[in-house]
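One letter stands for each residue in the lines below.
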Amino acid sequence: GLGFNIVGGTDQQYIANDSSIYVSWIKKDGAAYLDGRLQEGDKILAINGKELKDLRHRDAVELFRNAGCYVSLKIQRRLQPQNGPVGHGGDGESGGLPLAAILVPGLALAATAVWILLRYRQRM
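What this report covers is the structure whose coordinates are included nearby. (Residues numbered from 1 in each chain as written. Predicted model: local features only at pLDDT ≥ 70, side-chain atom pairs only at ≥ 80, totals over all residues. Heavy atoms only, no water.)

### Concerning the environment of Tyr 14
Item 1. Looking at the element boundaries, Tyr 14 is found in the loop between β1 (4-8) and β2 (21-26).
Item 2. Looking at Tyr 14, the relative accessible area reads 16%, which means it is buried.
Item 3. Sequence-wise, Tyr 14 and Ser 24 are 10 residues apart; in three dimensions their C-alpha atoms are separated by 9.6 Å. (Helix = DSSP H or I, 4+ residues; strand = E, 2+ residues; numbered from the N terminus. Buried < 20%, exposed > 50% of the residue type's maximum accessible area, 1.4 Å probe, protein only.)

### A short note on helix α2 (residues 57-65)
Residue pairs three or four apart in sequence face the same way in an α-helix, which turns once every 3.6 residues.
Item 1. Within α2 the residues assigned to the buried category are His 57, Ala 60, Val 61 and Phe 64. The buried residues of α2 all sit within an arc of 100° when viewed along its axis, so they share a single face.
Item 2. If you follow the buried residues of α2, they end up packed against β1, β2, β3 (43-47) and β5 (73-76). (Arc of directions from axis to C-beta. Contact = heavy atoms within 4.5 Å.)

### Examining the packing of aromatic side chains
Item 1. Applying the stated criterion across every chain yields a total of two aromatic pairs.
Item 2. Note on Phe 4 and Phe 64: the rings are 5.6 Å apart at their centroids and 90° apart in plane angle, and the pair reads as edge-to-face. Taken together, the residues span a long stretch of sequence, with Phe 4 in strand β1 and Phe 64 in helix α2 at a distance of 60 residues.
Item 3. On the basis of relative accessibility, which here comes to 14%, the residue Phe 4 falls in the buried class.
Item 4. Taking the centre distance of 5.6 Å and the plane angle of 50° together, the rings of Tyr 14 and Tyr 22 count as tilted. Accessibility assignment for this pair places Tyr 14 and Tyr 22 in one class, buried. (Phe/Tyr/Trp six-rings, centres within 6.5 Å; stacked < 30°, edge-to-face > 60°.)

Put into structure tokens, the structure is as follows:
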């Protein structure tokens, strides 16, 4: 196989009001994993030029099963987490804010406070 599982379709919507097909899991050491471009949570728009729009889940699965040896996928990278389970969790990622998102503004604020304090002391 291609080394990944899909979810979604008109009959099994993964995200409310969205019948798109999504990558739910990538098998370690499978074809998709070894290629490295596909990620869990990606929306698959087309396979070998055939759009995956308005398909039932089982019809989408059949397209993947009959894709052949050389497979071309058109995907949309998932930009922000959606509601719903993706992946297997426990992969070492905290899911919180990156440390830099907290440290950089904090350091900028501290530097500004020191600058104001020094300017205030010079005037006295």
